[in-house]
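# Summary of the model geometry
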Amino acid sequence: MMAERQPFIAGNWKMHKTLAEARTLARDIRQGAAPGRRAEVALAPPYTALAAVAAELAGSGLRLAAQDTFWERQGAFTGAISPAMLADVGCHYVIVGHSERRQHFGDTDATVNRKLTAVVAAGLIPILCVGETQAERAAGQTLQVVRGQLEGGLGALKPASGSALVVAYEPVWAIGTGLTATPGQAQTVHHFIRSLLREFLGPAAEEIRLQYGGSVTPDNAAILLAQPDIDGALVGGASLKPELFLPIIAAAG
Ligand code: PGA
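The paragraphs below set out a description of the structure included in this document. (Residues numbered from 1 in each chain as written. Predicted model: local features only at pLDDT ≥ 70, side-chain atom pairs only at ≥ 80, totals over all residues. Heavy atoms only, no water.)

Below, the discussion takes up the nonpolar core. In terms of nonpolar packing, the biggest core is built from 61 residues, with Ile 9, Leu 150, Ile 193 and Leu 197 touching the most fellow members. If one sorts the elements of this core by residue count, helix α8 (residues 183-201) sits on top with eight residues. Beyond its immediate chain neighbours, meaning those up to four positions away, Leu 150 contacts Leu 128, Val 130, Val 167, Ile 193, Leu 196, Leu 197 and Phe 200. Listed in part, the 13 residues of the second largest apolar core include Ala 44, Tyr 93, Ile 95 and Ile 125. (Core = buried A, V, L, I, M, F, W, Y, C linked by side-chain atoms within 4.5 Å. Buried < 20%, exposed > 50% of the residue type's maximum accessible area, 1.4 Å probe, protein only. Helix = DSSP H or I, 4+ residues; strand = E, 2+ residues; numbered from the N terminus. Contact = heavy atoms within 4.5 Å.)

So, on to unusual backbone geometry. Positioned with a positive phi, Lys 17 is a non-glycine residue whose angle comes to about 90°. With respect to the helices and strands, Lys 17 occurs in the loop between β1 (8-12) and α1 (19-32).

Bringing helix α2 (residues 50-57) into the picture now. Of the positions making up α2, those classed as buried are Leu 50, Ala 52, Val 53, Glu 56 and Leu 57. The arc enclosing the buried residues of α2, seen along the axis, measures out at 165°, which places them on a common side. Buried residues in α2 make contact with α1, β2 (40-44), β3 (63-66), α3 (83-89) and β4 (91-96). Within two residues after α2, Gly 59 carries a phi angle of roughly 80°, on the positive side. (Arc of directions from axis to C-beta.)

Right, let's talk about the pairing of strand β8 (residues 232-235) for a bit. The two faces of β8 match: Gly 232 and Leu 234 on one face and Ala 233 and Val 235 on the other face are all buried. Relative to β8, strand β7 (residues 209-213) runs parallel, the two being bridged by three bridges. By the bridge assignment, Gln 211 is partnered in β8 with Gly 232. (Pairing = 2+ DSSP bridges.)

Moving on to the environment of Pro 228. Along the chain, Pro 228 falls in the loop between α9 (221-225) and β8. Contact partners of Pro 228, with chain neighbours within four places excluded, come to Arg 5 and Gln 187.

Strand order around the closed barrel formed by eight strands is β1-β2-β3-β4-β5-β6-β7-β8, with parallel pairing between neighbours. Averaged over all pairs of adjacent strands, the angle between strand axes in this sheet comes to 25°, irrespective of strand direction. Of the strands in this sheet, β5 (125-130), β6 (166-169) and β7 are in contact with α8, which crosses β7 at around 150°. (Axes fitted to C-alpha atoms, helices over the stretch in contact; angles between N-to-C directions.)

Put simply, α1 and helix α10 (residues 242-251) touch, their axes get as near as 10 Å, and they point 35° apart. The crossing of α1 and α10 is right-handed. Listed contacts from α10 to Leu 25, Asp 28, Ile 29 and Gly 32 of α1 are Pro 242, Phe 245, Leu 246 and Ile 249. Per-class residue counts for the contact of α1 with α10 are six nonpolar, one polar and one charged. (Left-handed = near helix turned anticlockwise from the far one by under 90°. Nonpolar A, V, L, I, M, F, W, Y, C, P; charged D, E, K, R; others polar.)

One can find Gln 187 in helix α8. Setting aside residues up to four positions removed in sequence, Gln 187 forms contacts with Gln 227, Pro 228, Asp 229 and Ile 230.

Around the ligand there are 13 residues in total, and Lys 14, His 98, Glu 170, Gly 176 and Ser 215 lie nearest to it. A distance of 2.8 Å separates an oxygen atom of the ligand from a polar side-chain atom of Lys 14. Here an oxygen atom of the ligand and a side-chain polar atom of His 98 are 2.6 Å apart. Protein burial of the ligand: of its 280 Å² of free accessible surface, 95% is covered by the chains. Looking at side-chain class alone, the shell around the ligand contains four nonpolar, seven polar and two charged residues. (Near = heavy atom within 4 Å. Polar contact = N/O pair within 3.5 Å; in protein donor to acceptor, adjacent residues only side chain to side chain. Areas by Shrake-Rupley, 256 points an atom, 1.4 Å probe, with all protein chains shown as cover.)

Another aspect to go through is the packing of aromatic side chains. If you walk through the whole model with that rule in mind, you get four aromatic pairs. Each residue in the set Phe 70, Trp 71 and Phe 77 is aromatic and connected to the rest through ring pairs, giving one cluster. The ring of Phe 105 carries Arg 101 above its face, with NZ or CZ at 3.9 Å from the centroid. (Phe/Tyr/Trp six-rings, centres within 6.5 Å; stacked < 30°, edge-to-face > 60°. Lys NZ or Arg CZ within 6 Å of the ring centre and 35° of its normal.)

The following block contains the structure:
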């Protein structure tokens, strides 16, 4: 069964942009994104700029996303932000399990699962990130690693429908390095992820959007997005510049 999946391009701004810079970037993207575009677009600014970017995007159809969250609803958790707070500020999506969170902040498949579950419970849509390191790829462990992260991240979670979950395949060696998985390498893993989702979640797997991430640029976006199981892109560096991000949105149709 072939499902029609709307392409989904998300910009992960990471730890970049002051308030003034974030407003300008959001405005430029809003103005530059063609109204008749096929792709859904989301921007993930740092927490400090969420409210300001929400105001810039109001009424545009562009979505707001957060880069991370904590699983508790509220309480004595200094420094943490809950999914309910993210919903309140206008977020639609939450990135969970980004490799930089796993590498620098101790996120594990178990904590990723708690976050994912809390995000879904708050009525938001998680973008679950998975991907192997260079050493794991070299050792032939790519599919095994991705399977473990997907299985551990999802746990017992059963999204109500395929539109309630997004998965991003981001090979760690391709993030911020200028190295990109070849379309063939990416499609192989995306196809594998969809087959796992079918195994875990049944027919909803056909509707789940799978993004590729890792040095996506205007030069490689079209060929990556043309792969049958690549439904979008999670863009880091190139999402900080309208002259790079807008052509990536356009490449999605
Ligand atoms: P990059 O980052 O596009 O700068 O490689 C992607 C990501 O980390 O989501």
